[in-house]
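Residue-level listing of the chains:
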Amino acid sequence: MAPQRRGAPKAPEGSGTAERRRPSSMKSARAPREVRRRWLRAAALGAGAALAAALLLWGSLAGEDGITEVLAHRGEVLPGRFIEVPCSEDYNSHRRFEGCSPIKCGRGVSDAVITREEARRVRSIAEKGLSLGGSDGGASILDLHSGALSVGKHFVNLYRYFGDNVENIFSEEDFRVYRDVRQKVQLAIARAFGISASSLYLTKPTFFSRINSTEARTAHDEYWHAHVDKVTYGSFDYTSLLYLSDYLEDFGGGRFVFMEEGANRTVEPRAGRVSFFTSGSENLHRVERVRWGTRYAVTIAFTCNPDHSIADPAFT
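Residues numbered from 1 in each chain as written. Predicted model: local features only at pLDDT ≥ 70, side-chain atom pairs only at ≥ 80, totals over all residues. Heavy atoms only, no water.

Caption draft 1: Fine view of the layout of surface pockets. Reported here for the largest pocket is a volume of approximately 760 Å³. Mapped by element, the contributors of at least two residues to the lining of the largest pocket are strand E5 (139-142), strand E8 (201-211), helix H5 (229-232), strand E9 (238-243), strand E14 (285-287) and strand E16 (295-303). Counting residues per element, the lining of the largest pocket draws most heavily on E8, at 4 residues. Classifying every residue of the lining of the largest pocket gives 14 nonpolar, 9 polar and 4 charged. (1 Å grid on protein atoms, 1.4 Å probe; cavity = no way out; pocket = protein on both sides within 12 Å on 5 of 7 lines; lining within 4 Å. Points joined across faces, edges and corners; volume = space filled by probe spheres on them. Helix = DSSP H or I, 4+ residues; strand = E, 2+ residues; numbered from the N terminus. Nonpolar A, V, L, I, M, F, W, Y, C, P; charged D, E, K, R; others polar.)

Right, here's the structure in full:
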């Protein structure tokens, strides 16, 4: 006898089988919604973490430098910007020279004194000289006036160490460019402070600096400490820096910071930019640590005291 086909047995009423099937179909309907909810939750957590990281970074930068204002942005091309500040008493303990010693004090920045092409040529002088040595730490110095050159953990006299070979490193044209740039900076300072350029004298140390992120090996490499030029170098009356490389293009960090209580102001280096200021405590300052790349600059210092003057470098 052939077996008879039977339909699927009917679930008895109230058995719950139909009810048990419904949840599985509802589960499949709920799955996309659950995925969306999880994705939104993850996105919200990610955005929150990113915001927290940004706030932490901002807070760490503000805590390190207390920067509240950028005096000169890298992207700006400034014909001139000057801020007058009250003079400190630092100058009273030094011999004063009428018509030169600071009475009007302040700080200025200009991109109209030195061209970027002139800055490039000056940087090439620094690169040639510093290629002969260099500090084991992050800060190397080249002083064309005294001949001081960083080599390892020490300094050597460039002119004595290399003797007549110096003429194969630098040219008369190099020294002429250097002298012309120095004269332009001197004139700009005189105009800004209302004094005669002839009353200003170049003073020591005037030097090139090359700074990178290499760990400091000696105290000479620790360039980032706050200081007052007039206290460190009594001969300084007016300080200037000519930047030879670009912030955020050639290096990171390395901004120049004028330190004021709750209102620090920073200068972002730009090749050809000149920053200048009176050298007393009214312009306490520091340089941020260079985080990457290489920062080139030349510090050009002036005094009102002819006894502290130095000559431009020249072949002898």
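Following the structure, the description resumes.
Caption draft 2: The arrangement of the pairing of strand E13 (residues 274-278) in detail. Of all 5 residues in E13, 5 are buried; the element is thus mostly enclosed. Side chains Val274, Phe276 and Thr278 project from E13 onto one buried face, and the interleaved Ser275 and Phe277 project onto a second face that is buried too. In the sheet, strand E3 (residues 105-110) pairs with E13 via 4 bridges, with the strands oriented antiparallel. Each bridged residue has a counterpart across the sheet, and for Ser110 the counterpart in E13 is Val274. Of the strand pairs in this sheet, E9 and E13 are connected by 5 bridges, and their pairing is antiparallel. Note that in E13 the partner of Tyr238 across the bridge is Thr278. (Buried < 20%, exposed > 50% of the residue type's maximum accessible area, 1.4 Å probe, protein only. Pairing = 2+ DSSP bridges.)

Caption draft 3: Structural detail: the packing of aromatic side chains. For the structure shown, the criterion picks out 12 aromatic pairs. Plain terms: the ring middles of Tyr161 and Phe162 are 5.0 Å apart, the flat faces sit at 75° to each other, and that makes the pair edge-to-face. Residue Tyr161 is classed as exposed on the basis of its relative accessible area of 57%. Cluster of aromatic residues (ring-pair linked, three or more members): Phe82, Phe193, Tyr238 and Phe276. We note Arg107 situated over the ring of Phe258; from NZ or CZ to the ring centre the distance is 4.5 Å. Over the ring of Trp224 we find Arg289; its NZ or CZ atom is 3.8 Å from the centre of that ring. (Phe/Tyr/Trp six-rings, centres within 6.5 Å; stacked < 30°, edge-to-face > 60°. Lys NZ or Arg CZ within 6 Å of the ring centre and 35° of its normal.)

Caption draft 4: Broad picture of helix H4 (residues 172-193). A rise of 1.5 Å per residue sets the reference length of H4, with its 22 residues, at 32 Å; its end C-alpha atoms lie 32 Å apart and thus fit the reference within 8%. Looking one or two residues beyond H4, the residue adopting positive phi is Gly194, at roughly 70°. (Expected span 1.5 Å × (residues − 1).)

Caption draft 5: Region of interest: the side chain of Ser101. Mapped onto the secondary structure, Ser101 falls in the loop between strand E2 (81-85) and E3. Only 2.7 Å separates the side chain of Ser101 from the backbone nitrogen of Phe97, close enough to count as a polar contact. In this structure, Ser101 is in contact with Arg95, Arg96, Tyr238 and Cys304, ignoring residues within four places of it in sequence. (Polar contact = N/O pair within 3.5 Å; in protein donor to acceptor, adjacent residues only side chain to side chain. Contact = heavy atoms within 4.5 Å.)

Caption draft 6: Region of interest: the pattern of salt bridges. What the rule picks out here adds up to 19 salt bridges. The closest approach of N and O atoms between Lys153 and Asp136, which form a salt bridge, is 3.5 Å. Pair noted here: Lys153 is in the loop between strand E6 (148-152) and strand E7 (154-157) and Asp136 is in the loop between strand E4 (134-135) and E5, with a separation of 17 residues, a long-range link. Overall, Lys153 belongs to the partly exposed group, its relative accessible area being 44%. The salt bridge partner of Asp180 is Arg176, with a shortest N-O separation of 2.5 Å. Residue Asp180 and its partner Arg176 are both found in helix H4; the two are separated by 4 residues, about one turn of the helix. Taking the relative accessible area as the measure of exposure, Arg176 reaches 31% and is therefore partly exposed. Via salt bridges that share partners, Glu69, Arg107, Glu260 and Arg265 belong to a single interconnected network. (Salt bridge = Lys/Arg side-chain N within 4 Å of Asp/Glu carboxyl O.)

Caption draft 7: Molecular detail of the packing of helix H2 (residues 116-130) against H4. In contact at an axis separation of 10 Å, H2 and H4 are set at 125° when each is read in the N-to-C sense. Relative to H4, the element H2 lies oblique. Two packed elements cross with a definite hand, and for H2 against H4 that hand is left-handed. Taken together, the residues of H4 that come into contact with H2 (itself represented by Glu118, Arg121, Val122, Ile125 and Lys128) are Glu173, Asp174, Arg176, Val177, Tyr178, Val181 and Lys184. Of the residues in the contact of H2 with H4, the class split is 5 nonpolar, no polar and 7 charged. (Axes fitted to C-alpha atoms, helices over the stretch in contact; angles between N-to-C directions. Parallel < 35°, antiparallel > 145°, perpendicular 65-115°, else oblique. Left-handed = near helix turned anticlockwise from the far one by under 90°.)

Caption draft 8: A look at the environment of Arg210. Mapping Arg210 onto the fold places it in strand E8. Arg210 gets classed as buried once you look at its relative accessible area, which sits at 18%. For the pair formed by Arg210 and Arg123, sequence separation is 87 residues and the distance between their alpha carbons is 9.9 Å. In contact with Arg210, other than residues within four places in its own chain, are Leu130, Gly133, Gly134, Gly138, Ala139, Ser140, Thr294, Arg295 and Tyr296.

Caption draft 9: Representation of empty space enclosed by the protein. For the coordinates displayed, the defined rule picks out 1 cavity of 30 Å³ or more. Estimated volume of the largest cavity: approximately 60 Å³. Lining the largest cavity, in full, are Ser135, Ala139, Ile141, Ser150, Gly152, Lys153, His154, Phe155, Thr218, His220 and Asp221. The set of elements that each furnish at least two residues to the lining of the largest cavity consists of E5, E6 and E7. Counted by class, the lining of the largest cavity contains 3 nonpolar, 6 polar and 2 charged residues.

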